[in-house]
Amino acid sequence: MTETITGTDRSAGVSLTELLGGDTGPVSDVLRAESREGLRDGNTRSPAWYYTSPEFHALEVEKLWSRVWQMACLEEEIPDVGDYHVYEIADMSFLIVRTEEGIKAFRNACLHRGRLLRESDGKGAKSLRCAFHGWNWELDGALKEIPCEWDFPSIRKEDYSLPQASVGTWDGFVFINPDRDAEPLAEYLAGFDEHFAKYPFARKVKTAHVEKIMRCNWKACQEAFMEAYHVVATHPTLMQTLGDANTRYDTWGNYSRAISPQQIDSPHLANMPKWEVDPDGKQFVRYRHPMNGHIYERTDVSEPAAHSQVRVIDLDGHESYFESDGTYVSGPITQADPHLLIWVGGPSPAGVFDVPIMGKPDTDSMVEARSITASARRDEWRQKAGGDLDPDAFADAEFVDAIWYSVFPNWSPWGVFNALHYRFRPNGNDPDTCIFEVMMFVPWGDQANRPAPAKVTKLGPDDDWTLATELGATAKIFQQDSVNLPHVQRGLKAQEQQEVIFANYNETKIRHFWEHLHHWLEIGQTNVSITPR
């Protein structure tokens, strides 16, 4: 691996700006825009206990989750009067209800003895009746009925309406804010509309929704999906088609953006040997490591849904064997890439097990490779989406590159043709675990015949991502990421210096997040450590 100090905000090699200059489609001002709004230069440092401490979690509940706008659900998930959605954050629970007057959000707890009014989503409710003693509220939150009302002489019904949270909508999404005096959602998301003006999010359909418990803090989990800096170590299978270290990062107000150029080599492969294409290569069965040329080969191809040992073959033909979890079994090669082991040796989703390795078009021109790929994807979307989606209105970059946003504090929508979509939440009051949600949203041409939004598939902390078959091959990438995160959480406690440090540019989105988090928690500058209470 060769690193070149260039004095710029990226590794040596082609920049996104240069690639946009050769784009064959219309490049919007929003796509060209570069911004470092609200971000100071330098490395951000944060104490490690911010990820592990119950006291810090309690501070987040008090000053962040109780006061900030957060995406809760889709409007079309509660389309009719009486439909409701349960949204939970830390130990708070909210009931989002479609009423005659519009969408309202109530604290999801009976004002008598505190029972949750609803444990799960539902449709067509006429009122909100507690299942414990039968206290009952109208859909608008007004107290309707108290069984044995004579026994509560001090209760005035007008004083016992369900407490409400602020509600706002953006492009088909419902946001809530427990703070009833919060600034309007439109002000909080000021300027965000422009990034999706050519194809509003409300015209996309949610085709997958997977919720997984992760053994790490919600911030550690989110940070793993806010940068491309980890690709060189965690995702070796992406390096020959992704300009990871030449990702462009931008910040505005309460949101940030990353654009990772694709159909180009990683800058980390500069001056590295160019290995011949492995004639027996298959995406999840046999793969040549792009850094050292070693072959990783699955030994059992009869059970794609199970784990298999992996044979590692070096350039001299020496062979060693490893379990897919990284455990050395035998042979002269005693160290192997854990992420390529899980890629080749771990379970694979049905239907994609033995697909050939994906590569770039056969051309030496990066611009031409991107143009060829974009043209094919334009044609694909022309057939697939139709309707009012005009593929010719979009740049090559919007079809080819990874474009993903982070809206503070925990929501990550991707670009128009990037189906992925994330949300990160604390898992109750446990700072050592979190809820990571992966959704997929795709453009939909026939708006009159939209399918219902996908239901949630729930995975436990030990479940493999490939169990969520609706994610297809993408599940393998999430499994690679998931190998790291429990060890991050344990390592944060094991550190002697008890501090994490973030790169000035490659971790721009994370630094932007911390600037905002420290502001909301009122704990001073982001480079100032504080002592746990």
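Everything quoted here is computed from the prediction, not taken from an experiment. (Residues numbered from 1 in each chain as written. Predicted model: local features only at pLDDT ≥ 70, side-chain atom pairs only at ≥ 80, totals over all residues. Heavy atoms only, no water.)

### A closer look at the packing of helix α7 (residues 338-345) against helix α10 (residues 474-494)
Okay, so step 1: At their nearest, the axes of α7 and α10 sit 10 Å apart, and the two run at 140 degrees to each other. As the angle between them shows, α7 and α10 are arranged oblique. α7 and α10 meet at a crossing whose hand is right-handed. Contacts between α7 and α10 involve His339, Ile342 and Trp343 from the first element and Lys476, Ile477, Gln479, Gln480, Val483 and Asn484 from the second.
Okay, so step 2: Here the residues of the contact of α7 with α10 sort into 4 nonpolar, 4 polar and 1 charged. (Axes fitted to C-alpha atoms, helices over the stretch in contact; angles between N-to-C directions. Helix = DSSP H or I, 4+ residues; strand = E, 2+ residues; numbered from the N terminus. Parallel < 35°, antiparallel > 145°, perpendicular 65-115°, else oblique. Left-handed = near helix turned anticlockwise from the far one by under 90°. Contact = heavy atoms within 4.5 Å. Nonpolar A, V, L, I, M, F, W, Y, C, P; charged D, E, K, R; others polar.)

### Notes on the pairing of strand β10 (residues 173-177)
Okay, so step 1: Most of β10 is tucked away: 5 of the 5 residues are buried.
Okay, so step 2: Burial along β10 is two-sided: Phe173, Phe175 and Asn177 facing one way and Val174 and Ile176 facing the other are all buried.
Okay, so step 3: The pairing of strand β2 (residues 70-74) with β10 spans 4 bridges and is antiparallel. The partner of Cys73 across the bridge, within β10, is Val174.
Okay, so step 4: In textbook terms, the turn of a hairpin is the stretch between consecutive antiparallel strands, and for strand β9 (residues 164-170) and β10 this stretch comprises 2 residues, one of which, Asp171, has a positive phi near 50 degrees. (Buried < 20%, exposed > 50% of the residue type's maximum accessible area, 1.4 Å probe, protein only. Pairing = 2+ DSSP bridges.)

### Here's the deal with the packing of helix α3 (residues 54-65) against helix α11 (residues 508-521)
Okay, so step 1: Axis separation between α3 and α11 bottoms out at 9 Å; the angle between their running directions is 80 degrees. Considering their axes alone, α3 and α11 lie roughly perpendicular with respect to each other. Contact with α3, carried on its side by Phe56, Leu59, Glu60, Lys63 and Leu64, involves Leu517, Trp520 and Leu521 of α11 and no other residues of that element.
Okay, so step 2: Each residue belonging to the contact of α3 with α11 can be placed in one class, and the counts come to 6 nonpolar, no polar and 2 charged.

### Remarks on a negative patch on the surface
Okay, so step 1: A surface patch of like charges, here negative, comprises Glu100, Glu101, Glu138 and Asp140.
Okay, so step 2: The exposed category is assigned to Glu101, whose relative accessible area is 60%. (Patch = residues over 30% accessible without salt bridge, like charges linked within 9 Å, V, L, I, M, F, W, Y side chains within 5 Å. Areas by Shrake-Rupley, 256 points an atom, 1.4 Å probe, with all protein chains shown as cover. Salt bridge = Lys/Arg side-chain N within 4 Å of Asp/Glu carboxyl O. Lys, Arg positive; Asp, Glu negative; His and termini not counted. Charge placed at Lys NZ, Arg CZ, Asp CG, Glu CD.)

### Structural notes on unusual backbone geometry
Okay, so step 1: Following Phe408, the chain continues to Pro409 via a peptide bond in cis, the omega torsion being 5 degrees.
Okay, so step 2: With respect to the helices, strands and loops of the structure, Pro409 is situated in the loop between β19 (402-407) and β20 (411-413).
Okay, so step 3: Backbone geometry at Asn271 places phi at a positive 65 degrees, although glycine is not the residue there.
Okay, so step 4: Counting through the fold element by element, Asn271 comes out in the loop between β13 (255-260) and β14 (286-288).
Okay, so step 5: The backbone of Gln498 sits at a positive phi, close to 50 degrees, despite the residue not being glycine.
Okay, so step 6: Tracing the backbone through its elements, the reader meets Gln498 in the loop between α10 and β24 (499-502).

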